[in-house]
Amino acid sequence: MSPTFRHTTLAAVLLFAVFTSHAKTASEVYEQAARSTVVVENIDTQGKARGMGSGVVLADGDVVTNCHVVKGASRLKVRSGDKEYSANLRYSDWDRDVCSLNVASLSATAAVVGNTKTLKVGAKVYAIGAPKGLKLTLSDGIVSSLREVEGGHYIQTTAAISPGPSGGGLFDENGALVGLTTFYFAEGQSLNFAVPIEWVKELAQRSTKIAATAQPVTQWLNKSFELEGRKDWPAMLEHSRRWTNAQPGSNMAWLSLGSAYSGAGQFAKAIEA
């Protein structure tokens, strides 16, 4: 064997080792990511919990979550381990359903932030959140689709999502945060969706003063998926009309209306929408 061939082979082996040594086991991903995952409580004017979800701690100390988790709150609390903290809404992007909370004196490890640029269908991912505010849970799966939408894409995954983990993290096989688990299609099988981490990175620049009672796009879209899956075209038409009236600048709203008209056999109106 020539020295050149030996050196080339050794370099290839070392390169392979570098690229394969980063993948963590499910236990390692959980151990790392759980330290950055918190419970977010939505409190009403009577001091009672209106609902709860999950959130992820960022390097600046803020907690990022879904806007629908904090919608209509009189006040907010964040629970990390056995400690509770008061929280305030800092940045909000209701179109993308991404909000961040300022939590004074929060003592928690920041998540390692990744990106979705190299994320491919079939890649291993893990969802971590707190179902119904209980102890953190881990679910695993793969990226089943990257669904293009205005300004980016939703990550469709087979990793299970339920109401409590909304706003929790979707992590890649290296334990890096690649999205926020946001909604799921209750009547479908493994139809779970996360918003991409890039939307979190763009949050401060896109933050608006829209009232916290606004309906996030993801909630409109979730209902649209549900009705389309049932082929309930009259209900989808009604829902889509209300969506376009509420958010006339949303491309997804008009796409939903067009799909509803198409399903109902009203093709001329579908093209117009």
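Given the structure is predicted, the values throughout are model-derived calculations rather than measurements.

Draft legend 1. Molecular detail of the overall build of the chain. A tally of helices and strands in the chain yields nine helices and twelve strands. Counting only residues that meet the buried cut, the chain has 45% of its 273 residues in that class. Here the contacts in the chain between residues at least 6 apart in sequence split such that 59% fall between residues at least 24 apart. Of the accessible surface of the chain, which amounts to about 13600 Å², a share of 54% is contributed by carbon and sulfur atoms.

Draft legend 2. Structural detail: the confidence of the model for the chain. Overall, the predicted model of the chain reaches an average pLDDT of 85, with 87% of residues at or above 70. The secondary-structure element of the chain with the lowest mean pLDDT is helix α1 (residues 3-20), recorded at 45, while strand β3 (residues 63-65) shows the highest, at 97. Between residues 4-21, whose pLDDT stays under 50, and residues either more than four places distant or in other chains, the model counts one contact.

Draft legend 3. View of the environment of Trp220. Here Trp220 shows up in helix α6 (residues 217-230). In this structure, Trp220 is in contact with Gln215, His239, Arg242, Trp243, Ala246 and Gln247, ignoring residues within four places of it in sequence.

Draft legend 4. Summary view of the packing of helix α7 (residues 233-246) against helix α8 (residues 251-263). Where α7 contacts α8, the axes come no closer than 8 Å and their chain directions differ by 155°. It follows from the interaxial angle that α7 and α8 lie roughly antiparallel. With respect to the hand of their crossing, α7 and α8 are arranged in left-handed fashion. Note on element contacts: α8 touches α7 through Met252, Ala253, Trp254, Ser256, Leu257, Ser259, Ala260, Tyr261 and Gly263, opposite Trp233, Met236, Leu237, Ser240, Arg241, Trp243 and Thr244. When its residues are assigned to classes, the contact of α7 with α8 shows ten nonpolar, five polar and one charged.

Cut-offs applied
Counting from 1, residues in each chain are numbered in the order their sequence is written. Whole-chain, interface and lining totals are the exception, using all residues; otherwise, since this is a predicted model, local features are given only for residues with pLDDT of at least 70 and side-chain atom pairs are given and counted only at 80 or more. The side-chain figures draw on all heavy atoms in the structure; neither hydrogens nor water molecules are used. For the purposes of this entry, the term helix denotes a DSSP run of H or I that reaches at least four residues, the term strand denotes a run of E that reaches at least two, and both are numbered from the N terminus. Each residue is assigned to one of three classes by its accessible area relative to the maximum for its type, calculated with a 1.4 Å probe on protein chains only: buried under 20%, partly exposed between the two thresholds, exposed over 50%. Throughout, a residue-residue contact means that at least one pair of heavy atoms, one from each residue, lies within 4.5 Å. Computed with a 1.4 Å probe, the accessible areas rest on the Shrake-Rupley method; for each residue, only the protein chains presented here act as cover. pLDDT is a per-residue confidence score from the predictor, ranging from 0 to 100. Axis geometry follows a simple rule: fit a line to the C-alpha atoms, using only the stretch in contact for helices, then measure angles between N-to-C directions, giving values from 0 to 180 degrees. Oblique is the label for every angle not falling under 35 degrees (roughly parallel), over 145 degrees (roughly antiparallel), or within 65 to 115 degrees (roughly perpendicular). A clockwise turn of the near helix away from the far one marks a right-handed crossing, whereas an anticlockwise turn of less than a right angle marks a left-handed crossing. Asp, Glu, Lys and Arg are counted as charged, while Ala, Val, Leu, Ile, Met, Phe, Trp, Tyr, Cys and Pro are counted as nonpolar; the rest, among them Gly, fall into the polar class.

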